[in-house]
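# Chain and residue survey
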Amino acid sequence: MEGDCRFNNGNIRAKKRVAQAKQILDTIGIGGERVQMYNLSSAEGPKFAQYAVEMTHKIEELGPNPLKKAKAKMAA
Amino acid sequence: MIVAEKKPIEEIIEEVEGYKKILIAGCNECVTVCEAGGKKEVQVLASALRMYFMNQGKDVKIDEVTLERQCDHEYLEEIRNIIDQYDAVVSLACGVGVQFMAEKYFSTPVLPGVNTCFMGVTEERGIWTERCQGCGQCILARTAGICPVSRCAKRLLNGPCGGSTKGKCEIDPNVDCAWQLIIDRLKALGRLEQDYEKLTPIKDWSTDRAGGPRKVVREDVRI
Amino acid sequence: MSESKTPSKLEKILSSGHLAVTSECGPPRGSDPETIRKKAEMIKDHVDAINITDNQTSVTRLCSLASCIHLKHMGLEPVLQMVVRDRNRIALQSDILGAASFDIHNILCLSGDHQKFGDNPQAQNVFDIDSMQLIQMVRLMRDEGKFLGGDDIVRPPKMFVGAAANPFADPFEIRVPRLAKKVAAGAEFIQTQCIYNVERFKEWMRGVVDRGLHEKVYILAGVTPFKSAGMAKYMKNRVPGMDVPDELVKRMSGVPKEKQPEEGLKICVETIQQLKEVEGVSGFHIMAIEWEEKVPEIVEASGLYPRPKVDD
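Residues numbered from 1 in each chain as written. Chains lettered and ligands numbered in written order. Predicted model: local features only at pLDDT ≥ 70, side-chain atom pairs only at ≥ 80, totals over all residues. Heavy atoms only, no water.

## Things to note about the interface of chain A and chain B
Defined as follows: Contacts are residue-level and defined by heavy atoms, with any inter-residue pair within 4.5 Å sufficient. For any pair of parts, buried area is found by adding up, for both, the accessible area (1.4 Å probe) each one loses once the two are put together. Between Lys or Arg on one side and Asp or Glu on the other, a salt bridge is scored when a side-chain nitrogen of the former is within 4 Å of a carboxyl oxygen of the latter. Whenever a nitrogen or oxygen atom comes within 3.5 Å of another N or O atom, the pair is scored as a polar contact, on the condition that within protein one atom can donate a hydrogen and the other can accept it, and that pairs from neighbouring residues in sequence are kept only if both atoms are in side chains. Strands here mean DSSP runs of E at least two residues long; helices mean DSSP runs of H or I at least four residues long; both are numbered from the N terminus. When residues are sorted by character, Ala, Val, Leu, Ile, Met, Phe, Trp, Tyr, Cys and Pro go into the nonpolar class, Asp, Glu, Lys and Arg into the charged class, and all the rest, Gly among them, into the polar class.
Taken together, the contacts link 14 residues of chain A with 15 residues of chain B. Across the chain A to chain B interface the summed buried area is about 1,200 Å²; carbon plus sulfur atoms make up 71%. On the chain A side of the contact with chain B, I28(A), L67(A) and M74(A) bury the most area, a combined 45% of that side's loss. Inspection of the chain A/chain B interface yields zero salt bridges. Joining chain A to chain B, the criterion identifies one residue pair in polar contact (both at pLDDT 80 or more). Those elements that provide at least two residues to the side of chain A that touches chain B are α1 (10-27) and α3 (66-75) of chain A. When grouped by side-chain class, the residues that make up the side of chain A that touches chain B number eight nonpolar, three polar and three charged.

## What about the packing of helix α4 (residues 89-101) of chain C against helix α5 (residues 131-144) of chain C?
All names here are of chain C. Test applied: Each axis is a line fitted through C-alpha atoms, and for a helix only the stretch in contact is used; angles between axes span 0 to 180 degrees, taken between their N-to-C directions. By definition in this entry, angles of less than 35 degrees are roughly parallel, angles greater than 145 are roughly antiparallel, angles of 65 to 115 are roughly perpendicular, and the rest are oblique. In this scheme the crossing of two helices becomes right-handed for a clockwise turn of the near helix relative to the far one and left-handed for an anticlockwise turn of less than a right angle.
Interhelical geometry of α4 versus α5 gives an angle of 50 degrees and a closest axis separation of 11 Å. As summarised for this structure, α4 and α5 are arranged oblique, according to the angle between their axes. Considering only the axes of α4 and α5, their crossing is right-handed. Residue-level contacts link R89, L92, Q93, I96 and L97 of α4 to L134, M137, V138 and M141 of α5. Across the contact of α4 with α5, the residue classes tally to seven nonpolar, one polar and one charged.

## Thoughts on the interface of chain C and chain B
The interface is formed by 33 residues belonging to chain C together with 29 residues belonging to chain B. When chain C packs against chain B, close to 2,600 Å² is buried across both sides, 52% of that on carbon and sulfur atoms. Interface area lost by chain C to chain B is led by Q133(C), D170(C) and K181(C), which between them contribute 22%. Across the salt bridge formed by R211(C) and E197(B), the nearest N and O atoms sit 2.6 Å from each other. Applying the counting criterion to the chain C and chain B interface returns 23 residue pairs in polar contact (both at pLDDT 80 or more). Of all elements in the fold, only α5 and α6 (175-185) of chain C reach the threshold of two or more residues within the side of chain C that touches chain B. Across the side of chain C that touches chain B, the residue classes break down as 14 nonpolar, eight polar and 11 charged.

## A look at the nonpolar core
Note the cut-off: In this text, buried Ala, Val, Leu, Ile, Met, Phe, Trp, Tyr and Cys residues form a nonpolar core when linked through side-chain atoms within 4.5 Å. Only protein chains enter the calculation, and the probe is 1.4 Å; a residue is then buried if its accessible area is under 20% of its type maximum, exposed if over 50%, and partly exposed in between.
Core analysis: the largest hydrophobic core is formed by 70 residues, its most contacted members being I96(C), I107(C), L134(C), L179(C), F201(C), W204(C) and L275(C). Sort the elements by how many residues they give to this core and α5(C) lands first, with six residues. Setting aside residues no more than four positions away along its own chain, L179(C) makes contact with A165(C), I190(C), W204(C), V208(C), L213(C) and I219(C). In this structure, I13(B), L45(B), Y52(B) and A88(B) belong to the second largest nonpolar core, which totals 33 residues.

## So, the pairing of strand β3 (residues 78-83) of chain C
Residues in a regular strand point their side chains to alternate faces of the sheet. All names here are of chain C. Quick reminder of the rule: Strand pairing is assigned whenever DSSP detects at least two bridges linking the two strands. When the strands point away from the viewer and the path from the first strand over the helix to the second turns clockwise, the crossover is right-handed.
Most of β3 is tucked away, with six of its six residues classed as buried. For strand β2 (residues 49-52) and β3, the ladder comprises three bridges, and the chain directions are parallel. The partner of I50 across the bridge, within β3, is P78. Remark: the β2/helix α3 (residues 64-73)/β3 crossover connection has right-handed handedness. Judged from the four bridges that link them, β3 and strand β4 (residues 106-110) form a sheet pairing that is parallel. Looking at the pairing, M82 lines up with C109 of β4. A crossover links β3 with its parallel partner β4, the connecting element being α4, and its sense is right-handed.

## Considerations on the pairing of strand β7 (residues 218-223) of chain C
All names here are of chain C. Among the six residues of β7, six are classified as buried, and the element is accordingly described as predominantly covered. The two faces of β7 match: Y218, L220 and G222 on one face and I219, A221 and V223 on the other face are all buried. Relative to β7, strand β6 (residues 189-194) runs parallel, the two sharing four bridges. If you follow C194 over to β7, its bridge partner there is G222. Note that the unit made of β6, helix α7 (residues 198-210) and β7 has a crossover that is right-handed.

Right, here's the structure in full:
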């Protein structure tokens, strides 16, 4: 859980970096919701699965990464 | 060191409007230490710009380079062979580096990627604060090692003013009152009584910004 | 103390041994001099000199110099307040000469509140010299008849030089040495920040008297009447360098709203009466901001009326 990182502050730093990345993605029009950080331990298998499903649904709702379309357009 | 801060990406996007081949140039010294323009920041900016332009359907080439410094001829020379491939450079060096690069590569637009702020220290990772304004006539011997020019909001040489409250400056409760710091230090050095009442004379600001752009020469090292 | 060195009426009153009374007027945020004239009319018979503030709190107003000239035209005695925030040494010397050309004989040398408090927080500030150095500079211009640059001044200014003192600002331990420094720089009179904590003021005055400073400089104790309990609270909590004891706030809050102005005036008069007994106090500086009409009442109730006449 947050703060229980084996590497002490590792997951706190990661949280801040993820927040930065989200902000950049928002600014350049890709969308910060496409990156998300969850805290859990390696023993929490079912929770992991739950988060994975949750994120999958969210992404399906948002649709494909806009860069995929843009790349294809450029190649054409 | 010189402390700078990343410009917002929106501003950089506006600056590079219309260019198709851009070089992002970082600097390995001050801006690396204050995490504004080093190799890591170059990578993040380049990546963000690539994604942005692709999303816009614009074909823009973004390359990266990080030089040792951008304030010495030798290091700027290192990109002479590649500079003509680009129609603009975004330099993440401090204002000094941006200008030196612009002087050297006269026909290539060189745009600033950071806002240069002050000469200061790393108090802790992520917090940098001002210490020196380069007045050209250092008086730190008189003020127990604390500079009233850079750290007093009114640059009083015979402070504190009446706005000093609980050791903080009237402009911001998080800003130390420089004169409180000086008094505390004079006390610690056992010099409060003899030094505090010495009247500091009017300063010669001609060696400061007021006197115009400055120059330092050492004839003995010139050939 | 010593004899008068200048034609200043304020100096004459002080050197004759009378308790002096001064007050202040804030200029308008426009160019109509009527405001100044009206305020001055209200108080002119109850004070010896009138301070005009200099873009106080960094809020742009009609300049102190012009306002002082309007007072001179009314035959009154102005005190030109001058901050070092907005003018360099050239402009400061120039304005001092401007004041002297209208025979303005009193100047109060101040640092000035930082511009972030005013209506132009984005402005550059100057601070070419500080308030201590300004005191030295005026004395140089007056006593040696010289500009800072060394040239002679034709018809040097004859100004009585004052400075501010705040016995309540931090750090307390240097507040007496700071006064000593201003005296050494050449200050001849002091107007203090407004006093509510008389005990703490007395502590500062003990230090002042111990060093014999009260014999080298005239100290005018500042007072400001509370208009309301809200004002008392505001000054206690939001104004830096102000010491308002809890019991005064309680006293103001303890009376119904309509009675609060009266209570505030009572406290002010009581404070003056207490301060009269403090050794080293040479007079009073009554700052009744936007309440100038009450100054006559305060002066009379404090037994300071009529004001003494001195020959011009």
